[in-house]
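# Architecture at a glance
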Amino acid sequence: MKIKLFYFARLKETLKYSTEDLELPDDALTILKLKSVLAKRGDVWGQMLMGKLKVRAAINHELVDDKAVINDGDEVAFFPPVTGG
Amino acid sequence: MTVRVQTADFDIGVEINQLRQARKDIGAVVSFVGLVRDLNDGDIVSQLTLEHYPGMTEKSLAAIIQQAKSRWNIMDALIVHRVGTLQPSDQIVLVIVTSAHRGDAFSACEFMMDYLKTEAPFWKKEANSAGEHWVEAKSADDTARDRWSIEE
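Values in this document were obtained by computation on a predicted structure and should not be read as measured data.

### Re the overall build of chain B
Looking only at helices and strands, chain B features four helices and 10 strands. Going from the N terminus to the C terminus, chain B shows its helices and strands as β-α-β-β-β-β-α-β-β-β-α-β-β-α. Structurally, chain B occupies a C-alpha span of about 50 × 40 × 30 Å along its principal axes. Counting only residues that meet the buried cut, chain B has 33% of its 152 residues in that class.

See below:
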């Protein structure tokens, strides 16, 4: 399946990615599984996505938790806790 | 109901007039304006940069207004949030609520700000004498939001 990924704020800056298209095996994919796949890219990826920092995720613009299932064509985003207002 | 994310400044008077236009059943207008402070956690702030998630941010602000509408008897609401680079004393955020009576407008306005601070995808980067750093989320903001949760 194909998904579109977005990164924001500290994640975008540290990973040096703002967006990417990713092709993945068609197995059931959750947010947690996707994080562990990305963390295997090494170093900062592991620190940013599976480390001590809190990471929030969204699928198709809706906030979700680690158990949420990702489907083909979804837009997935990772970002730190929000600090607007 | 209006939601705007913009780099430009806003004029609260213009916005209130627009919301009131052609309605004579409004008895209360409550507004909140958030400003950039020059001091945060003991450091002088020279500049603030705000980032957002285009698309999701607007949807999330609209959802916050919808939630307020379902909980209080309000007529209309507006949220304007600025992004980009801001200086101390600049306006960041504006929330306006209209209703027949003040109680609903006061509560809805505070509810919307508490939800915006914890749910809407905005991120602040602060510049001070030590350089630039991302602002950390505060647990006090979560507490402020959680007091609105409805006991089942």
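Further notes follow.
### A few points about the packing of helix α2 (residues 56-71) of chain B against helix α3 (residues 102-119) of chain B
All names here are of chain B. Put simply, α2 and α3 touch, their axes get as near as 10 Å, and they point 145 degrees apart. Between α2 and α3 lies a crossing whose hand is right-handed. Every residue of α3 that contacts α2 at Ser 60, Leu 61, Ile 64, Ile 65 and Ala 68 is listed here: Ala 108, Phe 111, Met 112, Tyr 115, Leu 116 and Glu 119.

### Looking at the interface of chain B and chain A
Contacts between the two partners involve 21 residues from chain B and, on the opposite side, 13 residues from chain A. Mapped by element, the contributors of at least two residues to the side of chain B that touches chain A are α2, α3 and β9 (122-128) of chain B. If one sorts the elements of the side of chain B that touches chain A by residue count, α3(B) sits on top with five residues. Residue composition of the side of chain B that touches chain A, by class: 12 nonpolar, four polar and five charged.

### Some remarks on the confidence of the model for chain B
On average, residues of chain B carry a pLDDT of 95, and 99% of them reach 70 or more. Two summary scores accompany this predicted model of the complex, namely pTM at 0.93 and ipTM at 0.93.

### Things to note about the environment of A:Asp72
All names here are of chain A. Structurally, Asp 72 can be placed in the loop between β6 (69-70) and β7 (75-79). When the C-alpha positions of Asp 72 and Glu 23 are compared, they lie 9.4 Å apart, and in sequence the two are 49 residues distant. In contact with Asp 72, other than residues within four places in its own chain, are Met 1 and Lys 2.

What counts and how
- Residues numbered from 1 in each chain as written.
- Chains lettered and ligands numbered in written order.
- Predicted model: local features only at pLDDT ≥ 70, side-chain atom pairs only at ≥ 80, totals over all residues.
- Helix = DSSP H or I, 4+ residues; strand = E, 2+ residues; numbered from the N terminus.
- Buried ≥ 20, exposed ≤ 12 C-beta atoms within 10 Å, placed from the backbone.
- Axes fitted to C-alpha atoms, helices over the stretch in contact; angles between N-to-C directions.
- Left-handed = near helix turned anticlockwise from the far one by under 90°.
- Contact = placed C-beta atoms within 7 Å.
- Nonpolar A, V, L, I, M, F, W, Y, C, P; charged D, E, K, R; others polar.
- pLDDT = per-residue confidence, 0-100.

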